[in-house]
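Notes for the structure review
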Amino acid sequence: IFILHIFSVLFLYAITKRVTRQKLAATIAVIVFSLSPLELHFGRRVLLDNIMVFWILLSLFFATHTPQRLREVILSAFAFAIAILTKENAIFMAPAIIYIIWIYSRARIRAWSIALWIALTVLLVMLYPLYAFLKGELFPAGTFLGGTNEHVSLLQTALYQNSRGNFAFPWQHQSAFYGSLQEWLQRDPFIIIAGGICVLASIILSERYREIKAIALTAIAEILFLARG
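These lines cover the structure that appears in this document, whether it is placed above or below.

Taken as a whole and judged by the stated rule, the model has nine aromatic pairs. Seen from their ring centres, Phe 61 and Phe 62 are 5.5 Å apart, and the 65° between their planes marks the pair as edge-to-face. Ring plane angle 45° and centroid distance 4.8 Å describe the contact between Phe 92 and Phe 225, whose orientation is recorded as tilted. Pair noted here: Phe 92 is in the loop between α5 (70-86) and α6 (94-104) and Phe 225 is in helix α11 (residues 210-227), with a separation of 133 residues, a long-range link. Among the residues examined, Phe 92 registers a relative accessible area of 38% and is labelled partly exposed. Put simply, the rings of Phe 7, Phe 11, Phe 54, Trp 55, Phe 61 and Phe 62 touch in pairs and so form one group of aromatic residues. It is Arg 18 that lies over the ring of Phe 61; its NZ or CZ is 4.4 Å from the centre. In this structure, Arg 110 packs its charged tip against the face of Trp 102, placed 4.6 Å from the ring centre.

The rules behind each value
- Residues numbered from 1 in each chain as written.
- Predicted model: local features only at pLDDT ≥ 70, side-chain atom pairs only at ≥ 80, totals over all residues.
- Heavy atoms only, no water.
- Phe/Tyr/Trp six-rings, centres within 6.5 Å; stacked < 30°, edge-to-face > 60°.
- Helix = DSSP H or I, 4+ residues; strand = E, 2+ residues; numbered from the N terminus.
- Buried < 20%, exposed > 50% of the residue type's maximum accessible area, 1.4 Å probe, protein only.
- Lys NZ or Arg CZ within 6 Å of the ring centre and 35° of its normal.

Next up, the structure:
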């Protein structure tokens, strides 16, 4: 995890410098990311979330490369597919990264770049259910294609994970999002409050700063995912 964190810091610095064109902004981003109490508490744990963040940043590192070529598009898709395979909620960032690919692609190959990124990401992610199918672990036991012997099932596990927890609106005290938010505010109110303000400020920026707006969309995507309960 320490090695992943070191590389994540390097990717974060490069991404922020490209997007803002400011070394100072990149330096501040790295300091906040590394010294945030939330990062110090959760970031050193061996969690799928931390591994996923590494692959997301690597995907963004290639997506924001200038000049962007098809090679960078392919590498970005490859890293993003691994992020999804690491933890499925990475998929909620896909629209934001596609928008970033669109921004940084050259006009004459823009449509081709986006189509290539989507196709390669889907192809790589689909290798996982294909692997489960070949092992006979895609469908649950007792179904037509699942056989009669008891075994783990990818589809059954996915349905179970999707049904975890009870639905509650994010502002209700019984919601998991509300409980997590209260814990985060106790551990690090600065990053939650200041970060929230910065995300909102980024969204209302003019089209001149569309690269910053696109990066802010990755945060909004994850916030919406968490808020759904």
